Amino acid sequence: MTNDTKRKITKWYWLIIALPIVLLTSLLLCVWAFADIPSFDELESPSSKLATQVLADDGSLLCTFHIENRSYVSYEELSPYLVQAAIATEDKRYKRHSGIDIQGLGRVAVKTVLLGKSSQGGGSTITQQLAKTLYPREDLSGSIPGVRQMKLVWTKLKEWVTAIKLERCYTKEEIIDMYLNAVAFGSNAFGIKAASYTFFSKAPEDLNIQEAATLIGMINKPTRYNPRLNPEKSLARRNHVLNKMEESDFISKQERDSLKQLPIELNYQVQDHNAGLAPYFRDMLRRTMNAQKPKRSSYKYIEDYRADSLLWENDALYGWLNKNLKADGSKYNLDRDGLKIYTTINYKMQKYAEEAVAEHLGKYLQKAFDRETRHLPNRPFSADTEQKTADILMTQARKWSDRWRMMKKGGADDKEILQSFNEKTKMRVFAWNKQGYADTTMTPNDSIRYYKSLIRAAFLAVEPVSGDVKAYVGGPNYRYLKYDNIRQGKRQVGSTIKPFLYTLAMQEGMSPCDRVINVPQTFNLPDTTWTPKSTDKDEWIGQSVTLKWGLMKSSNNISAYLMKQFGPVAMVDMMRRMGISSRLDPVYSLCVGSCDLSLWEMVPAYNTFPSKGVWSSPLFVTSIEDNMGNVLSNFNNIKKEAISEHSAYLMENLMEGVVNNGTAIRLRATYNIPGAVAGKTGTNNDQADGWFIGYTTKITAGVWVGAEDRQVHFKSLREGGGSNMALPIWGIFLRKCMADSSLDMVPEAAFPAPASFAMNLDCGEDIRPAGNGQSGISAVSEEDDYNF
């Protein structure tokens, strides 16, 4: 070879091979030195919108707060099939490169520079894709020719440098873990954990091969390959991933071929703020943590202001987001900061409670109400509702609607807005069907009447002694009916107030077998007299009856007798001791439940009985951690002795009689609930509110049922009584819990008596009114079952 030939070879070597490498290296050094590349500290803490996780009492995911539904999982929590599928499909040389795949650079150059395609599928490594996901590209548009390509090259170089930094900072396992946590999967699922729960309702570590392949196949094109939206394309993409896994020797050809024959079996549960488990609880939790320091001007009643002021002072969770700051002085954000909130909610009990509400309302009660009211002239308002009252309710509903507010904001006058409420329009409304909605055409006025005709319900379950909230169902469907009937709603309690009066009597030395004469009681008021309406049959009037009989029959006469003995002030005091904080007027009518109270107050008050006389404030959060696992707060509830253990046991005996032979006998006859169960039904005068609160030694639960307006209700006690409206939800719930052996919810044979308790509580034939010549315990008839 001549010297001239050698010089030519050397020249072309530098021009073709060495010079591009030098130029590329120089460009990378310039990018590293001058471009806005994330620092090592920023790589350690990328700016992501992390969902706050709300966890059940066993640590399982209950729900989230999020802008992007994203929760991190560690590498150890990933199914190995996810890692294998990602490597085989996205970056088969992942374990061998240091952030940049040199073999793929040629294809990248052709696609991005010559063809102008910005797809990262050509040669981007998993590390480069992570860099792009954590630090998205800027706008690449430009009117000058060539500017877009130059921006794209510069951006690509920045991603390469970031990828190299990532490889220097993290292990391969950490990088692929961050990658799977960062990518979007559609259906409001960001990150592999959210995707696993959304599409398959399981944790990432529990995914099988075909499920992992389905999710990995969605990366980069989550809409096109969404198995819910495009099942055929998703199936083909999954099979493509399986082919790649076989090519990379992660699975055998036989495994691939058999797996490709399987359909995609989804358990799809979109994780948005309107869906999922415990949406009313999630909303209540947000309201509680976001609470502001109470101002007197914001409250109608001083009692409510005092109650919230005490919460602000004594409850660390109330207003937590406004009481606690980060190290930099900023406030925590539930939607972005990735907190972990550990709650007392039992996942299974919550599920069974929601099912019980849906089963009773959807399968029976709503249909019964629709049948009864279909011929009303001013449906859904009762026949005795004045037109003026109905007009006021309709006007309020219009002005509270989004339609009214938006049209008013747009400059429309009242006449135009009212006219729009009479124009038919297509809309989607809540319905008790498989979809949970119905697409229909109706006027906005008709939609208001439709929603007012819907029966609502609320269910709250609390654990005795601890006061832990185990289930929280604020309504039948959060997406369409967001009002929380547990904490926001207060309704007339009816006869569920009577146990407070009987508790006062037990505290004052009376016993369940004490006898009184069953006659109407008249109270002298300043300007008139008042006699509570007797609810007893004629043959019972004038008889000597026991207090156990009085509560069992929910007799207004006996309640009025006790009110005469002790007075309304003493009754109010007893209710305050048992945790009732709402407004209570010390009037005689309190003995028949004339006041409005919330289920949030009533259930913990009843929980005093199986808790041996100790009242506990409801506890629903035990601790909060930041996204690094550091404990920010721990929480406890308030406990105080409200009544003696002796009185609590006497009340258990009295209220067990209600279940065995009284207005709650359906729990035995229909739902076959065994063992020690006690409770009380309640109904107001117009059947607008139906209640049942009951307890065992293991759970205390309360149910309220009614419509949005008190003027919308059943005509008869048979359909509208607490034993028909509310009690079935309680029975269905406990029956479901009993069937689940893991919960251990079968009631014990008897309530445990206090030490050294010697009182004989077997009233025997004295439960039946004396003097009628009959013996034995009197059970209520089927008609009586609906009366209170």
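Just so we're clear, the structure is a prediction, and the values are computed from it rather than from any experiment. (Residues numbered from 1 in each chain as written. Predicted model: local features only at pLDDT ≥ 70, side-chain atom pairs only at ≥ 80, totals over all residues. Heavy atoms only, no water.)

Things to note about a negative patch on the surface
So, step 1. A grouping of Glu76, Glu77, Glu173, Glu174, Glu205 and Asp206 is seen on the molecular surface, where their side chains present a negatively charged patch.
So, step 2. The residue glutamate 205 is located in the loop between α8 (192-200) and α9 (209-218) in this model. (Patch = residues over 30% accessible without salt bridge, like charges linked within 9 Å, V, L, I, M, F, W, Y side chains within 5 Å. Areas by Shrake-Rupley, 256 points an atom, 1.4 Å probe, with all protein chains shown as cover. Salt bridge = Lys/Arg side-chain N within 4 Å of Asp/Glu carboxyl O. Lys, Arg positive; Asp, Glu negative; His and termini not counted. Charge placed at Lys NZ, Arg CZ, Asp CG, Glu CD. Helix = DSSP H or I, 4+ residues; strand = E, 2+ residues; numbered from the N terminus.)

Considerations on the sheet that holds strand β6 (residues 456-462)
So, step 1. With antiparallel pairing, five strands are arranged side by side in an open sheet as β7-β6-β20-β19-β18. A single partner strand is all that each edge strand has here, and the edge strands are β7 (469-473) and β18 (678-683). The sheet shows a mean angle of 5 degrees between the axes of neighbouring strands, taken without regard to direction.
So, step 2. Where β6 lies against β7, four bridges are found, and the strand directions are antiparallel. Following the sheet pairing, alanine 461 is matched in β7 by alanine 471. (Pairing = 2+ DSSP bridges. Axes fitted to C-alpha atoms, helices over the stretch in contact; angles between N-to-C directions.)

Thoughts on the confidence of the model for the chain
So, step 1. Averaged over every residue, the pLDDT of the chain is 86; residues scoring 70 or more account for 84%.
So, step 2. Overall, residues 31-35 carries pLDDT values under 50, and its contacts beyond four positions in sequence, including any with other chains, amount to 12 contacts. (pLDDT = per-residue confidence, 0-100. Contact = heavy atoms within 4.5 Å.)

Describing the pairing of strand β15 (residues 621-625)
So, step 1. Summarising burial for β15: four of the five residues are buried, a large majority.
So, step 2. Of the pairings in the sheet, the one linking strand β3 (residues 340-343) to β15 comprises four bridges and is antiparallel in character. Bridge pairing in β15 links lysine 340 to glutamate 625.
So, step 3. One ladder, built from three bridges, connects β15 with strand β16 (residues 631-634); its direction is antiparallel. Among the inter-strand pairings, glutamate 625 is bridged to a residue of β16, identified as valine 631. (Buried < 20%, exposed > 50% of the residue type's maximum accessible area, 1.4 Å probe, protein only.)

Brief notes about the pattern of salt bridges
So, step 1. The tally for this structure, following the rule as stated, stands at 28 salt bridges.
So, step 2. Aspartate 335 is the partner of arginine 286 in a salt bridge, and the nearest nitrogen-oxygen pair spans 3.0 Å. One end of the pair, arginine 286, is in helix α12 (residues 279-289); the other, aspartate 335, is in the loop between α14 (320-323) and β3, with 49 residues separating them in the sequence.
So, step 3. With a relative accessible area of 16%, aspartate 335 lands in the buried category.
So, step 4. Linking glutamate 355 and lysine 736 is a salt bridge whose minimum nitrogen-to-oxygen distance equals 3.3 Å.

A few points about the nonpolar core
So, step 1. Core analysis: the largest hydrophobic core is formed by 147 residues, its most contacted members being Phe281, Leu285, Phe459, Tyr472, Phe500 and Val705.
So, step 2. The residues contacting phenylalanine 281, other than those within four sequence positions of it, are Val54, Leu62, Thr343, Ile345, Tyr472 and Phe620. (Core = buried A, V, L, I, M, F, W, Y, C linked by side-chain atoms within 4.5 Å.)

Remarks on the packing of α8 against α9
So, step 1. The N-to-C vectors of α8 and α9 enclose an angle of 120 degrees; their axes lie 11 Å apart at closest approach. Relative to α9, α8 is oriented oblique. In the crossing of α8 with α9, the sense of the turn from one axis to the other is right-handed. Contacts between α8 and α9 involve Ile192, Ala195, Ser196, Phe199 and Phe200 on the former and, on the latter, Glu211, Thr214, Leu215 and Met218. (Parallel < 35°, antiparallel > 145°, perpendicular 65-115°, else oblique. Left-handed = near helix turned anticlockwise from the far one by under 90°.)

Examining the state of the cysteines
So, step 1. This structure, assessed with the given rule, holds one disulfide.
So, step 2. Paired by a disulfide, cysteine 513 and cysteine 763 hold their sulfur atoms 1.8 Å apart. Taking the sign of the torsion about the S-S bond as the criterion, the disulfide between cysteine 513 and cysteine 763, at about -95 degrees, is left-handed. Taken as a pair, cysteine 513 in the loop between α20 (498-507) and β9 (515-517) and cysteine 763 in the segment after α29 (727-739) lie far apart in primary sequence, 250 residues in all.
So, step 3. Overall, the relative accessible area of 23% leaves cysteine 513 in the partly exposed class.
So, step 4. Relative accessible area serves as the criterion here: at 5%, cysteine 763 is assigned to the buried category. (Disulfide = S-S within 2.5 Å.)

Notes on the packing of aromatic side chains
So, step 1. By the definition in use, this model includes 23 aromatic pairs.
So, step 2. The interplanar angle of 55 degrees and the centroid separation of 4.7 Å between the aromatic rings of phenylalanine 459 and phenylalanine 733 together place this pair among those described as tilted. Pair noted here: phenylalanine 459 is in strand β6 and phenylalanine 733 is in helix α29, with a separation of 274 residues, a long-range link.
So, step 3. On the basis of relative accessibility, which here comes to 1%, the residue phenylalanine 733 falls in the buried class.
So, step 4. Each ring, one from tryptophan 540 and one from tryptophan 549, has its centre 5.1 Å from the other, and the planes form 90 degrees; the classification is edge-to-face. Grouping residues by exposure puts tryptophan 540 and tryptophan 549 together as buried. (Phe/Tyr/Trp six-rings, centres within 6.5 Å; stacked < 30°, edge-to-face > 60°.)

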